[in-house]
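Chain by chain, the residues run as shown.
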Amino acid sequence: TQLLEQSPQFLSIQEGENLTVYCNSSSVFSSLQWYRQEPGEGPVLLVTVVTGGEVKKLKRLTFQFGDARKDSSLHITAAQTGDTGLYLCAGVGSGYALNFGKGTSLLVTP
Amino acid sequence: EAGVTQSPTHLIKTRGQQVTLRCSPISGHTSVYWYQQALGLGLQFLLWYDEGEERNRGNFPPRFSGRQFPNYSSELNVNALELEDSALYLCASSSGFTTEGDQPQHFGDGTRLSIL
């Protein structure tokens, strides 16, 4: 099993602050996906990064895939309370199942 | 377009009982995946079905099983329930896979299973 380590595990910030969460592995992934999960709901796909060094932007969210395709980061600019949730990274493992990190739980307070 | 639907939303069982969870994929999706999200353990892959066949299973005992029907809906069965089976069980569907296997998976909201 290819392990994905996410950091930090918990993050509590105020509205307007910037933050970065990390997803690291010793294995190479063909692609990495980022999901956000809110309480009582299933994960919702935010983005898929495929090419080493790739940067994708989704409004205030910037996703980067490491050159070696072993790590990824998610940067949020000017966080809002609506960004609160569990952020999960996932890589496609054997048999096309997703290997998930344990997630970063983000709380944005007014 | 309707998303992935799962039933029931909540379930309470006792040790030793059996349970069946159900999942209806997005229309047109042929692959169904089951995941277990237990507190502190994160999302762990259970089973993958595609075109009615079990294609892969995660590191779970045989008492976790399932099937996929001709209409691509799926069931997850868990026998001889144990306390540690308490978790959110998530179903996801996708429209298949490329050679890189990166077709996005769309998740339902899960079934919360509590074992007393």
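Here is what the cut-offs are and how they apply
Residue positions are counted from 1 within each chain, in the order its sequence is given. Think of it this way: whatever chain is written first is A, whatever ligand is written first is 1, and the rest follow in order. Residues qualify for local features only when their pLDDT is at least 70, as the model is predicted, and side-chain atom pairs are given and counted only at 80 or more; totals for whole chains, interfaces and linings, by contrast, use all residues. Side-chain numbers here rest on the full set of heavy atoms in the structure, without hydrogens or water. Strands are runs of DSSP state E lasting at least two residues, helices are runs of H or I lasting at least four, and both sets are numbered from the N terminus onward. The contact rule is simple, with two residues in contact once any of their heavy atoms fall within 4.5 Å. By buried area we mean the combined loss of accessible area, with a 1.4 Å probe, across both parts when two parts are placed together. Salt bridges are identified by distance alone: a Lys or Arg side-chain nitrogen within 4 Å of an Asp or Glu carboxyl oxygen. Residues were grouped as follows: Ala, Val, Leu, Ile, Met, Phe, Trp, Tyr, Cys and Pro as nonpolar; Asp, Glu, Lys and Arg as charged; and all remaining residues, including Gly, as polar. Residue burial is assigned from relative accessible area. The probe radius is 1.4 Å, only protein chains are included, and a residue is buried under 20% of its type maximum, exposed over 50%, and partly exposed in between. A pair of aromatic rings is counted whenever rings of Phe, Tyr or Trp (Trp by its six-membered ring) have centres within 6.5 Å, and the orientation is called stacked for planes under 30 degrees apart, edge-to-face for over 60 and tilted otherwise.

**Considerations on the environment of Ser31(A)**
Within the secondary structure, Ser31(A) is located in the loop between β3 (19–24) and β4 (32–37). Sequence spacing of Ser31(A) and Asp71(A) is 40 residues, and the spatial spacing of their C-alpha atoms is 10 Å.

**Remarks on the interface of chain B and chain A**
Contact with chain B, which involves 24 residues of that partner, is made by 21 residues of chain A. Carbon and sulfur atoms supply 57% of the area that chain B and chain A bury against each other, a total of about 1,700 Å² over both sides. Viewed at the interface, chain A and chain B are joined by zero salt bridges. Every element with two or more residues in the side of chain B that touches chain A is listed here: β4 (31–38), β5 (42–50) and β9 (87–94) of chain B. Class assignment for the residues of the side of chain B that touches chain A results in 11 nonpolar, 10 polar and three charged.

**Let's talk about the pattern of salt bridges**
If you walk through the whole model with that rule in mind, you get eight salt bridges over all chains. In this structure, Arg36(A) engages Glu38(A) in a salt bridge whose closest nitrogen and oxygen atoms are separated by 3.7 Å. Relative accessible area serves as the criterion here: at 32%, Glu38(A) is assigned to the partly exposed category. Measuring nitrogen to oxygen at the nearest pair gives 3.7 Å for the salt bridge that ties Lys56(A) to Glu54(A). Given the relative accessible area of 31%, Lys56(A) is considered partly exposed. The exposure class of Glu54(A) is buried, given its relative accessible area of 17%. Among the charged side chains, a network of salt bridges with common partners joins Arg22(B), Arg67(B) and Glu75(B).

**Notes on the packing of aromatic side chains**
What the rule picks out here adds up to nine aromatic pairs over all chains. Each ring, one from Trp34(A) and one from Phe63(A), has its centre 6.3 Å from the other, and the planes form 50 degrees; the classification is tilted. One end of the pair, Trp34(A), is in strand β4; the other, Phe63(A), is in strand β7 (residues 61–65), with 29 residues separating them in the sequence. Grouping residues by exposure puts Trp34(A) and Phe63(A) together as buried. Measuring from ring centre to ring centre gives 5.5 Å for Tyr35(B) and Phe107(B), while their planes differ by 45 degrees; the resulting arrangement is tilted.

**A look at unusual backbone geometry**
Leave glycine aside and you will find that most residues have negative phi; peptide bonds, for their part, are mostly trans. A cis amide bond, omega -10 degrees, links Ser7(A) with the succeeding residue Pro8(A). Within the secondary structure, Pro8(A) is located in the loop between β1 (5–7) and β2 (10–14). Cis geometry is found at the peptide bond from Ser7(B) to Pro8(B), where omega equals -10 degrees. Within the element layout of this structure, Pro8(B) appears in the loop between β1 (5–7) and β2 (10–13). Of note, the phi angle at Lys59(A) is positive, near 55 degrees, even though the residue is not glycine. Lys59(A) gets classed as exposed once you look at its relative accessible area, which sits at 84%. For Ala80(B), which is not glycine, the phi dihedral falls at a positive 45 degrees.

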